[in-house]
Amino acid sequence: MSWNRVRGHDAALSTFRTTITRGRLGQAYLFIGPDGTGKRLFARELAKAVLCEHPPGPLDACDHCPACAQVEAGTHPDVFALRTPEGKHELPVDEMRAFCTQMSLKATRGHRKIGIVEDADDFNAESANSFLKTLEEPPPGSMLILLATSTDRQLPTILSRCQVVRFSPLGPADLRAVLVDNGVEEPSQLDRLVRLGAGSPAAALTLNDDSFWRVRQYLIEGLTTPRPNFSALAETWQRFYEEAGKETSAQRLRVSLVIRFLIDAVQQALRLSVGAATSGLDGAEDARLRDFAARLGTERLLELVDACVEADSNVERRVQLILIVESVLEQFTRPTGAAQ
Ligand SMILES: [Zn+2]
């Protein structure tokens, strides 16, 4: 049934149910919450519920009618999604204009048009400007949903015209339920993914993928050898985030997860260097990190942690991903003893 896949956002759902029961569905919503918490899934379920041809209840979708099937497949003629194109870091004004034109046309299939701006953090002055008219005077029967990570990134003109809906990271029980929904069964794997996923279903599901662990192992091995191969490492890491597809938030998540695991590895190396206990290292990894720590020394290791933390915040700041990857790898591959 509809909404079954949405976990941990009951408050938002019940607000929408009340709103629609009273016939007061708004025309512009801004979903705010960290990447990977389920904003996009929620927006799609909302679109489905609004456009369903035989809704079994207020804000419920039947999941069987043609409209439901089309929303699910991303082919409904009255649902438009706009995202930042691959390799770009801003919503281009041309695509924004095309999106606004589509929104201004009459609904083809149903009674409503729904426009989802998936990367509302990425407006530039021009695309925000061209969007403003649509936002100020939404075409009749239209609904706009903007997905963003924080209100700080929104222009006041956009923020003031949207109803804000908050999406928090999921609690452990909800995250576990999402993982079970996605076929994770083994209890110890569930525990591990709930712990490492830190409230993000997208992160937990990425970590459930063997390819992540292969990349992690390759990078940690490659970076802790005496002479790391910069270009091979960069290529592997780049391929890994590009495999996430065109969605920039999914690519960012992959870069960020790798950085977090590099931070963990360096912190383990630091613990080894001062004789403290480590956790979860196998024998080979233990030996490798011990050697790495001895070669670099505490000060360099601390610099690496700082560099990684900085790089992770650059992911959030939408710095171009390949530049972040290269900057992290440069820090690791800088010859020991060389000046910064
Ligand atoms: Zn339906």
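What you see is a predicted model; the values in this text were computed from it and never measured. (Residues numbered from 1 in each chain as written. Predicted model: local features only at pLDDT ≥ 70, side-chain atom pairs only at ≥ 80, totals over all residues.)

## A short note on unusual backbone geometry
Glycine aside, the phi torsion of most residues is negative, and most peptide linkages are trans. If you check the backbone angles, Asp63 has positive phi at about 70° while not being a glycine. Mapped onto the fold, Asp63 is located in the loop between helix H2 (39-51) and helix H3 (66-73). With 19 C-beta atoms packed within 10 Å, Asp63 lands in the partly exposed category. Look at Ala198: it is not a glycine, yet its phi comes out positive at around 45°. Tracing the backbone shows Ala198 in the loop between helix H8 (187-197) and helix H9 (201-207). (Helix = DSSP H or I, 4+ residues; strand = E, 2+ residues; numbered from the N terminus. Buried ≥ 20, exposed ≤ 12 C-beta atoms within 10 Å, placed from the backbone.)

## Section: the environment of Thr18
With respect to the helices, strands and loops of the structure, Thr18 is situated in helix H1 (residues 10-21). Between the C-alpha atom of Thr18 and that of Pro58, which follows or precedes it by 40 residues, the distance is 8.8 Å.

## What to know about H3
Working note: α-helix, 3.6 residues per turn, so residues spaced by three or four point in the same direction. Among all positions in H3, only Ala67, Cys68 and Val71 are buried. All buried residues of H3 project into a common sector of 100° when viewed along the axis, lining one side. Within H3, the exposed residues directed more than 90 degrees away from the buried face are Pro66 and Ala73. Structurally, H3 contributes buried residues whose contacts are with H2 and strand E2 (79-82). Note on H3: the residue one or two positions beyond its end, Gly74, has a positive phi of about 75°. (Arc of directions from axis to C-beta. Contact = placed C-beta atoms within 7 Å.)

## Quick look at the pairing of strand E1 (residues 28-32)
When you tally the buried positions in E1, you get 4 out of 5 residues, the bulk of the element. The pairing of E1 with strand E4 (residues 142-148) spans 5 bridges and is classified as parallel. Bridge pairing in E4 links Tyr29 to Ile145. Note: E1 against strand E5 (residues 163-166), 4 bridges, orientation parallel. The residue bridging Ile32 from the neighbouring strand is Arg166, located in E5. (Pairing = 2+ DSSP bridges.)

## Thoughts on the sheet that holds E4
Note: strands within a sheet are paired through backbone hydrogen bonds, in either parallel or antiparallel orientation. Across the sheet, which stays open at both edges, the 5 strands sit in the order E2-E3-E4-E1-E5 with parallel pairing between neighbours. Only two strands of the sheet have a single neighbouring strand rather than two, namely E2 and E5. For this sheet the average axis-to-axis angle between neighbouring strands, irrespective of direction, equals 20°. In this structure, strand E3 (residues 113-117) lies alongside E4, joined through 5 bridges in parallel fashion. (Axes fitted to C-alpha atoms, helices over the stretch in contact; angles between N-to-C directions.)

## Regarding the nonpolar core
Within the largest apolar cluster, 44 residues are counted, with the highest numbers of intra-cluster contacts made by Leu219, Trp237, Val255, Val258, Leu262, Cys308 and Val328. Elements represented by at least two residues in this core include exactly helix H7 (172-181), H8, H9, helix H10 (210-224), helix H11 (230-242), helix H12 (248-273), helix H13 (283-316) and helix H14 (321-333). Broken down by element, the residue count for this core peaks at 11 residues, all from H12. Among residues more than four places away in sequence, those in contact with Cys308 are Ile259, Leu262, Ile263, Val266 and Val328. Counting 42 residues, the second-largest nonpolar core is a separate cluster that includes Phe42, Ile116, Leu144 and Ala148. (Core = buried A, V, L, I, M, F, W, Y, C linked by C-beta atoms within 7 Å.)

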